[in-house]
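# Overview (structure and organization)
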Amino acid sequence: MANKKRQRVEERGHWGSKAEFLLAVAGNVVGLGNVWRFPYLCYKNGGGAFLVPYLVLVVTCGVPLFLLETTLGQYTQEGGITCWRKMCPLAEGIGYGGQVILLYSCMTYILILAWALLYLVFSFSPQLPWATCDHYWNTAKCIDFSAQNKTLEWTNQTNTASAATEFWEYVCGSTAASGFFLMGQEESQPNTFVVPRRRRVLAISGGIEEMGSIRWDLVLCLIAMWVICYFCIWKGVKSTGKVVYFTATFPYVMLLILLIRGLSLPGALQGVLYYLLPDPSRLADPQVWMEAGAQILFSYSVGVGSLIVLGSYNTYNNNCYKDCLWLCLLNSGTSVVAGFAVFSVLGFMAREQGVPIAEVAESGPGLAFIAYPQAVAMMPLPQLWSICFFLMLILLGLDTQFVAMEVVMTSIIDMFPTVMRRYGRRELFLLLFCLTCFLSQLVMVTEGGMYVFQVFDYYACNGTCILFLCVFETVALGWIFGAQRMCDIIKDMTGVHASPFFKFSWLYLTPLVLLVSIICSFVEYQPLTFNRSYEYPAWAYACGRVMTSSSILLVPGWALYKLAIGTGSLRQRFHHLCQPAPDGSLTQKRETELRHSGEEVQHCLTSCGGSK
C-alpha cells in the first residue's frame, strides 16, 4: 500500500476557496515596499503630486500586466515556465528569466526578515538596546534621545549618531581607504580611518574586500525564517492556502494599531502634511516617473511569474477579471495608508528632536531599522510598539518570501510532473532548495555581508530586469498570441467582456511606457555606492552586471536555442514556435494522462510483485 502511494502521480490541486486565492495574492503583493518605500518616494518626489505619475503608471502598466499574468495562469493551469509552452513556445525564456530573479530575491528578501526577527527578539528586553548609549558598541559620538536635554546637543554637533544608528550599522574593522563614512564612525584622517572593533547587528566592515567573521545571531534568525517558510509551503497549495488566513490579515491589524497610535502623537499632523504636501514642479523630473514605475513593478509582483502561478491554482471559471481590479486597489490603498502610519511617527520624532522632518525621513532599511525604532524608543511603552512594528514587518515580508518560494517550486515541478508529483518528493526538493539558498547566502551574514546584499539588491533584483521581461511578455501575448485572444479567454472563463482599454494597453500603451522607462533607466544609470561614499571595486560591478544579464539574456537566448534545434526552414521553425497549443482543454487532458501513467506504473509493479 505504501509503495502504491509513492508511485501514484498526485494531482496538481486548486485553492480550497476563492478567499485563499485573494489572501495569497494580497499577501504576496502587499509587502515591505508598501511600508518602507512608497511613503518615502511620495515625500521625496513631490508629496501628493507624486500620486499623479503613480496613478498614471498604475493604470497604464500595473493593472494591465496584473490582469494579463493572472489570466495567463488561470487559463493554462501551469507554472511560470510551462505556461509559455502552451501560449507561445518561443517566449519560454521569459519564464526562466523570472525564476532566476525570484531565486535571487529568495536569497536577499529573507535576510531582511532575519534582521526584523533579531529586532523583535530584542524588543522583549526590559530596556530597548537601541534606546540608550551605555552599551559596549556605543561611541563617544552617540546621542541618547531618551534624555530630553540631548536635543540641543544633537543640533549643535556634527559627526554624531543616534543610539539606533550605532546599534544597526556601526562599522567594525581596521584601516580602510577613501573617505568612506558611516554614522557612528570615529573621526580620522581625510583619506583613511581606523575604527575600534565594536559590533551589534551588522558590524559593517570597511568594504566588500573585508568579509570578516560570520554574525552567528543573524545566522540563527536566518535559520528560523527558513524553517518557518519551509513549513508554510511544504504541502503546496494545501498548506499555503491555510497559512495566508493569518499571515495576510494580521499585518493589517498591526498597521491599524500603529496608524491610530501614530496619529495620536504630538507632531503627527506636521509629518502627514510633509508626506502629502504637493510640489507640482517635481512632475517635470523624469526620475520621479521612473521611481513611480519601479515601485509599481515591484509592489504588483509582475514580470517574474508569481501571479501566473497563483492564478494557475484557480478553477477555470473563477472571475479573475474582478479579482484583479480589487487586488490592485487594495495594494495601492495599503501603500497610501502606510504613509500616514509612517510619517505621523516621523513627525513626532522630528518634533521631539527639534529638527526638520527631512532629517529623520528614511527609506528601506534606514526607516525600518533606524528611524522607526528610534521613534519607538521615545514613546511610552516602547517595547509594546516595537513588538507591534517588527511583527508587522515580519508578517508582511513572510507572505512575499514563501510565495516566491512556492512559485519556483511549482514552476519546476510542472516541468517534470511525472517525476516530482510523487509522494514525498516535493518536500525533499523544497528542503534541498532551502538548504542551497541558505548556504549560498551565508556570505551576506558576515561583517562585509551588507555590501554583498546591496550588489544583489541593486543588480540582480533591479527594475531594469523586470522591465525587460514585461516588454517581452506584452509582445509575446499581445502581438504573437494576440490581445484579442486574451480578451476572448477572459470572456470564456469569467463571462465578462474585458474593457477595450486592456486590449489597447497590451498592444500599444504598456509596451511603449515600458520601453521609455528602459531607455530612461540607462540614461539615468548610476553605479552602486554604499552610503553615497564607498565605491565598489571593478570586479564587484562586473559581478553585478552578470547577474543583471543572467535573467534578461535568457529570453533571446532560449528563443535562439529553440530555433536552432527545430526542424524545417527558419521561417517554418519561427512560425511553429509562435503557435499556441491547438486545444484549450490541453491542461485537463494532460492531467488525465499523468494519472493514467501513474496507474500503469502501479499495475506494472503489482504484476511484477505477483509474478515473484
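Predicted model only: the values in this text are computed from it and were never measured.

## Observations regarding the overall build of the protein
Summing up its helical and strand segments, the protein has 27 helices and six strands in all. Among the 612 residues that make up the protein, the fraction classed as buried is 58%. Long-range contacts, defined as pairs at least 24 residues apart, comprise 81% of the intrachain contacts of the protein with a sequence gap of at least 6.

## Side note on unusual backbone geometry
Phi is positive for Gln77, which is not a glycine, with a value near 55 degrees. Here Gln77 lies in the loop between α5 (51-76) and α6 (82-87). Classification of Gln77 by relative accessible area gives buried; the value is 8%. Even without glycine at this site, Leu381 takes up a positive phi of about 50 degrees.

## Details of helix α7 (residues 92-122)
Owing to its 3.6 residues per turn, the α-helix brings residues three or four apart onto one side. Under the 1.5 Å per step criterion, the end-to-end length of α7 is 46 Å for 31 residues, consistent within 8% with the ideal 45 Å. Remark: the principal bend of α7, roughly 30 degrees, maps to Cys106. Most of α7 sits inside the fold, with 29 of its 31 residues counted as buried.

## So, the side chain of Asn45
Within the element layout of this structure, Asn45 appears in the loop between α4 (38-44) and α5. In terms of polar contacts, Asn45 uses its side chain to reach the side chain of Glu291, at 2.7 Å. Asn45 has contacts with Phe50, Arg282, Val288 and Glu291, leaving out every residue within four places of it along the chain.

## Notes on a nonpolar patch on the surface
A surface patch of nonpolar side chains, amounting to about 630 Å² of accessible area, comprises Val59, Val475, Trp479, Ile480, Phe501, Phe504 and Tyr508. Sorting the residues of the nonpolar patch by element identifies α22 (463-494) and α23 (500-523) as the ones contributing at least two each. By secondary structure assignment, the location of Ile480 is in helix α22. Relative accessible area serves as the criterion here: at 32%, Ile480 is assigned to the partly exposed category.

## Observations concerning the packing of helix α13 (residues 268-276) against helix α16 (residues 320-353)
Closest axis-to-axis distance for the α13/α16 pair is 7 Å, and the angle between their directions is 130 degrees. Considering their axes alone, α13 and α16 lie oblique with respect to each other. As α13 runs across α16, the sense of the crossing is right-handed. Between α13 and α16, the contacting residues are Ala268, Gly271, Val272, Tyr274, Tyr275 and Leu276 on the first element and Ser335, Val336, Gly339, Phe340, Phe343, Ser344, Gly347 and Phe348 on the second. Here the residues of the contact of α13 with α16 sort into nine nonpolar, five polar and no charged.

## Here's the deal with the pattern of salt bridges
Under the criterion given, the structure shown has ten salt bridges. Here Lys242 ties to Glu20 by a salt bridge, and the two come within 2.9 Å at their closest N and O atoms. With Lys242 in helix α11 (residues 237-247) and Glu20 in helix α2 (residues 18-29), this residue pair connects regions lying 222 residues apart in the sequence. The shortest N-O distance in the salt bridge between Asp285 and Arg282 comes to 3.0 Å.

## Concerning the state of the cysteines
A complete count under the given rule lists one disulfide for this structure. What pairs with Cys133 in a disulfide is Cys142, and their sulfur atoms sit 1.9 Å apart. Its torsion about the S-S bond being -70 degrees, the disulfide of Cys133 and Cys142 is classed as left-handed. A residue is classified by how much of its surface remains accessible, and Cys133, at 24% relative accessible area, is partly exposed. Of all cysteine sulfurs in the structure, the one in Cys232 sits closest to Cys229, which takes part in no disulfide; the separation is 6.0 Å. Among the residues examined, Cys229 registers a relative accessible area of 0% and is labelled buried.

## A look at the packing of aromatic side chains
Counted according to the given criterion, the structure contains 48 aromatic pairs. When the ring of Phe66 is compared with that of Tyr300, the centres are 6.0 Å apart and the planes differ by 90 degrees; the resulting orientation is edge-to-face. Here the residue Phe66 occupies a position in helix α5, and Tyr300 occupies one in the loop between α14 (286-299) and α15 (306-312), the gap between them amounting to 234 residues. The class of Phe66 is buried, set by a relative accessible area of 1%.

## Overview of the confidence of the model for the protein
Mean pLDDT over the protein stands at 85; residues scoring 70 or higher make up 86%. When pLDDT is averaged over each helix and strand of the protein, the minimum, 32, is found for strand β3 (residues 175-177) and the maximum, 96, for α15. Predicted confidence is poor over residues 148-156, with pLDDT under 50, and the contacts of this stretch with residues over four places away or in other chains come to 17 contacts. With pLDDT under 50 throughout, residues 584-591 is counted as low confidence; its partners more than four residues away or in other chains account for 14 contacts.

## Concerning helix α10 (residues 216-233)
If you check α10, its first and last C-alpha atoms are 26 Å apart, about what 18 residues at 1.5 Å a residue would give, namely 26 Å. Residues of α10 that are buried make contact with α7, α11, α18 (382-415) and α20 (425-440).

## Things to note about the environment of Ala116
By the secondary structure assignment, Ala116 is in helix α7. Classification of Ala116 as buried rests on a relative accessible area of 2%. Along the primary structure Ala116 and Phe389 are separated by 273 residues, whereas in three dimensions their C-alpha atoms are 9.3 Å apart. Filtering out sequence-adjacent residues up to four positions away, Ala116 remains in contact with Phe369, Phe390, Leu393 and Ile394.

## Let's talk about the side chain of Gln374
Looking at the secondary structure, you find Gln374 in helix α17 (residues 365-377). Within the structure, Gln374 has its side chain in polar contact with the side chain of Ser162 (distance 2.8 Å). Residue contacts for Gln374: discarding those within four places in its chain leaves Trp130, Phe145, Ser162, Ala164, Met349 and Gln353.

## Regarding the environment of Pro64
Along the chain, Pro64 turns up in helix α5. C-alpha separation for the pair Pro64 and Lys503, spaced 439 residues apart in sequence, amounts to 8.8 Å. Leaving out residues up to four positions away in the same chain, Pro64 has contacts with Val58, Val59, Phe501, Phe502, Ser505, Trp506 and Thr510.

## Considerations on the environment of Pro39
Looking at where Pro39 falls in the secondary structure, it is placed in helix α4. Exposure remark for Pro39: the relative accessible area of 1% places this residue in the buried category. Sequence separation of Pro39 and Leu276 is 237 residues, and the distance between their C-alpha atoms is 9.3 Å. Ignoring anything within four residues of it in the chain, the contact list for Pro39 reads Asn34, Tyr275, Ser335, Ala338, Gly339, Val342 and Phe343.

Quick notes on the rules
Residues numbered from 1 in each chain as written. Predicted model: local features only at pLDDT ≥ 70, side-chain atom pairs only at ≥ 80, totals over all residues. Heavy atoms only, no water. Helix = DSSP H or I, 4+ residues; strand = E, 2+ residues; numbered from the N terminus. Buried < 20%, exposed > 50% of the residue type's maximum accessible area, 1.4 Å probe, protein only. Contact = heavy atoms within 4.5 Å. Expected span 1.5 Å × (residues − 1). Bend = angle between axes of the 7 residues up to and from the residue. Polar contact = N/O pair within 3.5 Å; in protein donor to acceptor, adjacent residues only side chain to side chain. Patch = residues over 30% accessible without salt bridge, like charges linked within 9 Å, V, L, I, M, F, W, Y side chains within 5 Å. Areas by Shrake-Rupley, 256 points an atom, 1.4 Å probe, with all protein chains shown as cover. Salt bridge = Lys/Arg side-chain N within 4 Å of Asp/Glu carboxyl O. Axes fitted to C-alpha atoms, helices over the stretch in contact; angles between N-to-C directions. Parallel < 35°, antiparallel > 145°, perpendicular 65-115°, else oblique. Left-handed = near helix turned anticlockwise from the far one by under 90°. Nonpolar A, V, L, I, M, F, W, Y, C, P; charged D, E, K, R; others polar. Disulfide = S-S within 2.5 Å. Phe/Tyr/Trp six-rings, centres within 6.5 Å; stacked < 30°, edge-to-face > 60°. pLDDT = per-residue confidence, 0-100.

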